[in-house]
Amino acid sequence: MSDTLNVMNRELKPVWREPMAVVFAMIQPLVFLGLFAPLLPEMATGGGSALQWFVPGIVAMTALMGASFTGANLMEEMQSGSHERQLVSPLGRPALLVGRALKEVVPMLMQVAIIVAVVTPFSFDLHLGGVLAAAALLSVFSVGVGALSFALALASKGEDWMFWTIQQTLLFPALLTAGVLLPIDGAPRWLEVVSMLNPMTYVVDAARALFAGTWPADVILQGAAGAAIVAAVGLLVGVRAMRRSS
């Protein structure tokens, strides 16, 4: 636990030194909110405000994209030799992975706060309890995705093209089949099946319910299960990859 906290604190130092980097990372999500949400008809979003439906999806997209990019930081450390020096330090190898993965929660929470602050003055009804519950759910999800990103960086062994090719190949299908930008209702049967197999689908559905101020037990439990599965698989694969790292 001590090693994990030390690694997490080390990874957070650049965030505290340059908090504007988190703000700059919000440019794309905010552009999506400004230009994409008005194009969604109310009938496609359940008859309510387009922002009420779209914002949770954008928050989930931000969590996925932010966490999936973090393996690039480890790639830089591997190329500079910093990672090798950490491997021979007294720190436990699982802590090197878990501490990094837990760090992803902080930027994600900062980004959620920024998005909610921007959209609340418009046609968005703020339900603070639901937003906090959704943020907790997305925190678990981000830890798993971050761990998978670090595992991919370790498997790429310094080959940038391999990391970015696999990351980009998996990222956008995961976003689209989860219904982040467009509703999946009425999609071809094969796309609905792929959506049902995507754990992020259930995380997004639960986030939308919570952001709306509703607490449907079945939807929230499915979302929690989806986030927990991603976290468990990510940490299992990531820790195993870190133990084998040389």
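Here's what I pulled together on the structure shown here.

Rules behind the numbers
Residues numbered from 1 in each chain as written. Predicted model: local features only at pLDDT ≥ 70, side-chain atom pairs only at ≥ 80, totals over all residues. Heavy atoms only, no water. Helix = DSSP H or I, 4+ residues; strand = E, 2+ residues; numbered from the N terminus. Rg over C-alpha atoms; globule rule 2.2 N^0.38 Å. Buried < 20%, exposed > 50% of the residue type's maximum accessible area, 1.4 Å probe, protein only. Contact = heavy atoms within 4.5 Å. Areas by Shrake-Rupley, 256 points an atom, 1.4 Å probe, with all protein chains shown as cover. Lys, Arg positive; Asp, Glu negative; His and termini not counted. Charge placed at Lys NZ, Arg CZ, Asp CG, Glu CD. Salt bridge = Lys/Arg side-chain N within 4 Å of Asp/Glu carboxyl O.

A tally of helices and strands in the protein yields 13 helices and zero strands. Rg of the C-alpha trace for the protein: 18 Å, near the compact-globule value of 18 Å for 246 residues, within the 12% margin. Along the longest, intermediate and shortest principal axes, the C-alpha atoms of the protein span 55 × 40 × 35 Å. Counting all 246 residues of the protein, 47% fall into the buried class. Expressed as a percentage of contacts within the protein between residues at least 6 apart in sequence, the contacts between residues at least 24 apart total 79%. For the protein, the exposed surface amounts to about 12,000 Å²; the carbon and sulfur share of it is 70%. In the protein, which carries 13 positive and 15 negative side-chain charges, the distance between the mean positions of the two groups comes to 13 Å.

With that out of the way, let us pick up the pattern of salt bridges. Inspection of every chain in the model, using the stated rule, returns six salt bridges. Here Arg10 ties to Glu11 by a salt bridge, and the two come within 2.6 Å at their closest N and O atoms. Judged by its relative accessible area of 33%, Arg10 falls in the partly exposed class. For the salt bridge of Arg100 with Glu11, the shortest nitrogen-to-oxygen distance reads 3.7 Å. With a gap of 89 residues between them, Arg100 in helix H7 (residues 93-103) and Glu11 in helix H1 (residues 2-17) connect regions that are remote in the sequence.

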